[in-house]
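A look at the structure
Spelled out, the chains give:
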Amino acid sequence: MIRKTTPTLIVLLMLLLGTGLPVQAEDGYRLWLRYDKVQDASRLQQYRQQVTEVILEGNSPTLAIAKRELAQGLRGLLGQEVPFGQKATKAGTLIAGTPASSPLVAQLQLGDKLKAAGDEGYLILTTQLNGRNSHVIAANTDIGVLYGTFHFLRLLQSSQDITKLAVSSAPKIQHRVLNHWDNLDRTVERGYAGFSLWDWHRLPGYIDQRYLDYARANASIGINGTVLTNVNANALVLTKEYLVKVAALADAFRPYGIKVYLTARFSAPIEIGGLKTADPHEPTVQQWWKDKAAEIYSHVPDFGGFLVKANSEGQPGPQNYGRNHADGANMLADAVAPQGGIVMWRAFVYDDKEPDDRAKQAYTEFKPLDGTFRKNVMVQVKNGAIDFQPREPFHPLFGAMPKTPIMMEFQITQEYLGQGTNLAYLAPMFQETLEADTHAKGKGSTVAKVIDGTLDKHQLTGIAGVANIGTDRNWTGHLFGQSNWYTFGRLAWNHQLSSEEIAAEWIKMTFTSNANVVMPVQNMMMTSREAVVNYMTPLGLHHIMGWSHHYGPGPWIKDKHRADWTSVYYHRADEQGIGFDRTKTGSNALAQYAPPVQKQFGNIKTCPEEFLLWFHHVKWDHKLKSGRTLWNELCYRYSEGVDQVRQMQSTWASLEGKVDEERFAHVQSLLKIQEQEAKWWRDACLLYFQTFSKRPIPSDLEKPAETLEYYMNLDPKFVPGI
Ligand code: GCV
C-alpha cells in the first residue's frame, strides 16, 4: 500500500494517526504479532466481557515487557483500552505474575500445578477470585509470565474460546536456539533476507529497534538463545572490541529471556592470542580459553557458551593436532563451566581425503566418542547425514550416542528448498525427522525422544535452527519464511504440535481467523514442502543443485576438487539405473542404523519410496508401487511438483481481496517465480537423466521447454547467501 501512496493519502494517513486509529502498512514487519481487532463479533464481545482489567504487579524489565505486550495486544485486539489496576474489583480481571511478584497469584496457591511449569512454563487458568470470574497467567519466573502472556494473546488472535481456560505449558527442550550464520561484515551465509541484523559498526552505542523487535518475536515463540555469528567463524568476535558490542546485544535481549552465544574459532588462540598452537592438550591453550571465557563473562554475565564447527569444510579443529572432537569440546567446556556455560559441538564433519561415503563420516568419527564428553557439552547433529536436503532420512547418530546429549540442528533458511523465492513450509519436514523411529531402545525410540532427553535420561537438551532472518523489511525475504521461524520456535517448545496446527495458528495471527482464508492457505502450506521435493529431488535423490550457490538444478556437476561436492557422486546415474547404493553391496551406510531400520530401508521392496534412491541403485525399469517404471515415476514426480506449484498459485489467486493487497502481490509474484524455477528443475533434471535412461518422457506430460545444453549453460550470477 505504501508503494501507491499519493499526497492525498498521506494527508489521510496523518489524519488517521491523529485519531489514534491503527494505520499499518501490511509489509510483513509485524510478523505474527499484529494484534488487529478481532473480526468475529461474538468472540469480540466475549473478550470484551471477559477481559475488563489487568493486574500485573512487579516491576522487573521482563514484567514491564509483559505489561506493555498486554496493553498493546488487548488495545488492538479488543479495539478498546483495557485499564491496568491493582485490586480485583470486577469480573473479567486478568491477573498475571509469579507468586513472588503478585500477592493475588500467591493467594491462588497453585502449588504442584505451578511447580510442574518449571523455570519457563506457565499456567493460564479461568478461576474465581473473590467470587468473581477471572483469568490468571501464573508462572514461577518472570520469563514464564511473559511466555504465558504471549500464549494468552495468541488465543485471542486466533479467536479461541477463553471461557474455561486450563492451560499448563512447559518447554520439552531446554535450549531453543537460533543459529545465525552471520558474518561480521553483515553478509549472511545462506541468507536470503538481506543482510545481518547485527549492525556491528554502530554497536555498542546504537541499539536498533530491530534488536528489540527480534527479541520480542523470539520470546513470543519461546526461543531462548541466539548464536550471533557464523559457524564458519571469525576469531575477531572474541576480541574486546567486539565483546563490548556483543554485550550490548545481550543487554537488549536479556529481558526477553534470550541468552547470547558465540561461535568459537578453534584457532583463535593463534589468530588473536599470539600463541603458536591451538592444541587442546597444551596447557597454555587451555589457559587462554579459560581467560577468554572469563573475559566474555565479565562483559556478558549470562553468556550461554560456544557453538563450534571444527575440522569440517576447512575449519580448524583439534584434529589439526592429532586430537579428537571430545578433546576440543572438553577444553572449551572446562573454560565456560565455572559460569554455567555450555558447548554445542557440531557433528557436521566429513573429510575430502576420506574416500568413504560422506553420509557415514559423522557417525564414524563421533560414535566412538560417546561417553567421553564433559557434562556441559551437547553434540549438535543436523537432521540428516548429508546436508539439509529437501528430504533426508534421519541422521544415524540419533540414538547412537546414549551417553551424550544430542542436540538437533534444523535449517530454517531455505538453502536447499528454494532459497528466497520458494514457498516451502518446513514443519512437515521437521516433524518427519522428529517422529522418525531410531529403534535405539526398541520401537518408539523417536528422534524427538533422543533430543528431549527422555530416551536416555539427559537433563541437558537442545535444538537449534539456522535462522532465515535478515534486514529485509518483512524479516525473512519470502513472507512465508516467517512461518518457518514461527514453526521452529513452536516445535522447539512442544514437538508434539502438529504441522497443521502450527500452520493454522500462524495463518490466523498473520492474516485472519476467517476460515475461508485459513483453510486454503493451510492446504497450500501443507503441500508446499512435498512440491519442492517433487520438482527438485524426488524418490530419495539428493545434492543435485547448482554448484556452490546451490541455486537451481545442477545434476551434471562433476570433476570438482572434492568428489562429495559434485552431484554425480550422489545420484550415480548410469545406463542401468540411478541412486546411491548404501546397502551391504554398496557403502553400507545402512549398517549405522539399528537393525529394524536397516531391515526396512535395506530391502528395495520395503524401503519407503521417498528414500529409494538414497539407499539403492535402482534399475530404470524397476516397477514402483504406482505400477510405473522408475523412469516414468521420476517423470511423473517431477511433473507433479510443477503442478503442485500451479495449484498453489491458483489457490492464492482465489484469495485476492481476502488478503491485503500488498502481501497478496508479494506472494503472488514469488509464486510465479517459483513456478518458473520448478519447471527449470523439472526440465533440466529430466533431460539430464534421460541421457542415461534413454527412455522417452511419457507423452501425456508437458515437454521440456529448452534443450539440456541450454540448462547446462545457465550460470546465475551473484546468487545471495554464498
Ligand atoms: C556454514 C553446508 C552449507 C555451508 C554451511 C555448512 C555447515 O555445507 O552449504 O554454507 O556452512 O553446511 O553447516 O557448516
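Read on for a plain summary of the structure. Not measured: the values here are computed from a predicted model.

1. Digging into the overall build of the protein
Along its length, the protein carries 23 helices and 15 strands. Against the globule reference of 27 Å for 722 residues, the protein gives a C-alpha radius of gyration of 26 Å, in line with a compact fold. Residues counted as buried form 61% of the 722 residues belonging to the protein. For the protein, long-range pairs separated by at least 24 residues make up 73% of all intrachain contacts whose partners lie at least 6 apart in sequence. Accessible area of the protein: about 27600 Å², with a carbon and sulfur share of 52%. With 75 positive and 74 negative side-chain charges, the protein shows a spacing of 4 Å between the two charge centroids.

2. Focus: the packing of helix H17 (residues 515-536) against helix H21 (residues 630-653)
Interhelical geometry of H17 versus H21 gives an angle of 155° and a closest axis separation of 8 Å. Our classification of the angle between H17 and H21 gives roughly antiparallel. Our pair here, H17 against H21, has a crossing hand that is left-handed. On the side of H17, the interface is formed by Pro520, Val521, Met524, Thr527, Ser528, Glu530, Ala531, Asn534, Tyr535 and Met536, while H21 contributes Arg637, Tyr638, Glu640, Gly641, Val642, Gln644, Val645, Met648, Thr651 and Trp652. Taken together, the residues of the contact of H17 with H21 sort by class into 11 nonpolar, six polar and three charged.

3. Some remarks on the sheet that holds strand S10 (residues 342-346)
With respect to topology, eight strands assemble into a closed barrel ordered S6-S7-S8-S9-S10-S11-S12-S13, the strand pairing being parallel. Averaged over neighbouring strand pairs, the angle between their axes works out to 25° when direction is ignored. Along the sheet, helix H8 (residues 240-253) makes contact with strand S7 (225-227) and strand S8 (259-263), crossing S8 at roughly 150°.

4. Digging into the sheet that holds strand S4 (residues 132-138)
Here five strands make up an open sheet; going across it, the order is S1-S2-S4-S3-S5 and the pairing mixed. One side of each edge strand has no neighbouring strand; the edge strands of this open sheet are strand S1 (53-56) and strand S5 (166-169). Taking the axes of each pair of neighbouring strands and ignoring which way they run, one obtains an average angle of 20° across the sheet.

5. Brief notes about the site of the ligand
Neighbouring residues of the ligand: 15 residues in total, closest Glu189, Lys309, Arg346, Lys382 and Glu415. Asp387 has a polar side-chain atom sitting 3.0 Å from an oxygen atom of the ligand. At 2.5 Å from an oxygen atom of the ligand is found a side-chain nitrogen or oxygen belonging to Glu415. If the ligand stood free it would expose 340 Å²; the protein chains cover 97% of that surface. Here the residues of the shell around the ligand sort into four nonpolar, three polar and eight charged.

6. Some thoughts on the pairing of S1
With burial as the criterion, each face of S1 is covered, one bearing Glu53 and Ile55 and the other bearing Val54 and Leu56. In this fold, S1 hands off to helix H3 (residues 61-78), which returns the chain to strand S2 (residues 93-97); that crossover is left-handed.

7. Points about the side chain of Ser499
With respect to the helices and strands, Ser499 occurs in helix H16 (residues 499-510). Excluding anything up to four places from it in sequence, Ser499 contacts Tyr425, Ala427, Pro428, Gln431 and Met526.

8. Describing the pairing of S2
One face of the sheet, then the other: side chains in a regular strand alternate in exactly this way. With respect to burial, S2 is a largely interior element, five of its five residues being buried. Alternating positions in S2 separate into two faces, Thr93, Ile95 and Gly97 on one and Leu94 and Ala96 on the other, with burial throughout. Summarising the sheet, S1 and S2 pair through four bridges and their orientation is parallel. Bridge assignment links Leu56 to a residue of S2, and that residue is Ala96.

9. Some points on the packing of aromatic side chains
One pair of aromatic rings is described through two measures. These are the centre distance and the angle between the planes. Inspection of the entire model under this criterion finds 41 aromatic pairs. With a centroid separation of 5.1 Å and 80° between ring planes, the pair formed by Tyr147 and Trp493 is classed as edge-to-face. Taken together, the residues span a long stretch of sequence, with Tyr147 in helix H6 (residues 142-157) and Trp493 in helix H15 (residues 481-493) at a distance of 346 residues. With respect to burial, Tyr147 and Trp493 carry one shared label: buried. Where Trp198 meets Tyr211, the ring centres are 6.1 Å apart and the plane angle is 50°; that geometry is what we call tilted. Of this pair, Trp198 sits in the loop between strand S6 (175-179) and helix H7 (209-220) while Tyr211 sits in helix H7, placing them 13 residues apart in sequence.

10. Description of the pattern of salt bridges
Where charged atoms from two side chains of opposite charge come close, those side chains can pair. All told, the structure shown has 43 salt bridges when counted by the stated rule. For Asp564, the salt bridge goes to Arg562, with nearest N and O atoms at 3.0 Å. Assessed through its relative accessible area of 7%, Arg562 is described here as buried. Notably, a salt bridge pairs Asp715 with Lys717, separated by 3.4 Å at the nearest N-O pair. Connected via shared salt-bridge partners are Glu26, Arg30, Arg34, Asp36, Asp660 and Arg663.

11. Here's the deal with the environment of Phe615
Examined against the element boundaries, Phe615 turns out to sit in helix H20 (residues 612-615). Sequence spacing of Phe615 and Leu31 is 584 residues, and the spatial spacing of their C-alpha atoms is 40 Å.

12. Examining the nonpolar core
Of all hydrophobic cores here, the largest spans 225 residues; its most connected members are Leu74, Phe152, Phe253, Trp289, Trp485, Trp652 and Phe689. With 13 residues, the top contributor of residues to this core is helix H22 (residues 661-693). Dropping the residues within four chain positions of it, Trp289 is found in contact with Leu238, Ala264, Arg265, Phe266, Ala268, Pro269, Phe306, Met331, Leu332 and Ala335. Ranked by size, the runner-up nonpolar core spans 13 residues in total, among them Ala88, Val105, Leu114 and Ala138.

13. Brief notes about the environment of Lys625
When you line up the elements, Lys625 lands in the loop between strand S15 (618-619) and H21. Assessed through its relative accessible area of 67%, Lys625 is described here as exposed. Distance in space between the C-alpha atoms of Lys625 and Tyr147 is 47 Å, their sequence separation being 478 residues.

What counts and what doesn't
- Counting restarts for each chain: residues are numbered from 1 in the order of the written sequence.
- For this predicted model, a pLDDT threshold of at least 70 governs which residues receive local features, and a threshold of 80 or more governs which side-chain atom pairs are given and counted, while totals over whole chains, interfaces and linings are taken from all residues.
- With hydrogens and water set aside, each side-chain value is computed from the structure's full complement of heavy atoms.
- Strands here are runs of E lasting at least two residues and helices are runs of H or I lasting at least four, both read from the DSSP assignment and numbered beginning at the N terminus.
- Here the globule rule reads 2.2 Å times residues to the power 0.38, and the radius of gyration is calculated from C-alpha atoms.
- Here the term buried applies to any residue with accessible area under 20% of the maximum for its type, exposed to any over 50%, and partly exposed to those in between, with areas from a 1.4 Å probe on protein chains only.
- Only heavy atoms enter the contact rule, under which two residues are in contact if any of them lie within 4.5 Å.
- Surface exposure here means Shrake-Rupley accessible area, sampled with a 1.4 Å probe, where a residue is shielded only by the protein chains that are shown.
- Charge convention: Lys and Arg are scored as positive, Asp and Glu as negative, and His as well as the terminal groups of each chain are ignored.
- By convention, the charge on Lys lies at NZ, on Arg at CZ, on Asp at CG and on Glu at CD.
- Note on geometry: axes are C-alpha line fits, over the in-contact stretch for helices, and angles between N-to-C directions span 0 to 180 degrees.
- What sets the label is the angle itself: under 35 degrees gives roughly parallel, over 145 gives roughly antiparallel, 65 to 115 gives roughly perpendicular, and the rest give oblique.
- In this scheme, a crossing is called left-handed if the near helix is turned counterclockwise away from the far one by less than a right angle; it is called right-handed if the turn is clockwise.
- For this classification, the nonpolar set comprises Ala, Val, Leu, Ile, Met, Phe, Trp, Tyr, Cys and Pro, the charged set comprises Asp, Glu, Lys and Arg, and every other residue, Gly included, is treated as polar.
- Between any two strands, at least two bridges found by DSSP are needed for them to pair.
- Any residue with a heavy atom lying within 4 Å of a molecule or strand is counted as near it.
- Think of a polar contact as two N or O atoms within 3.5 Å of one another; within protein, one of them needs to be a possible hydrogen donor and the other a possible acceptor, and neighboring residues in sequence only count if both atoms come from side chains.
- Here is how to tell: hold the view so the strands point away, follow the path from the first strand over the helix to the second, and if it runs clockwise the crossover is right-handed.
- The criterion for an aromatic pair is that two Phe, Tyr or Trp rings (for Trp, the six-membered ring) have centres within 6.5 Å, with stacked assigned to planes under 30 degrees apart, edge-to-face to planes over 60 apart and tilted to the rest.
- Think of a salt bridge as a Lys or Arg side-chain nitrogen and an Asp or Glu carboxyl oxygen that are within 4 Å of each other.
- We define a nonpolar core as any set of buried Ala, Val, Leu, Ile, Met, Phe, Trp, Tyr and Cys residues linked to one another through side-chain atoms lying within 4.5 Å.

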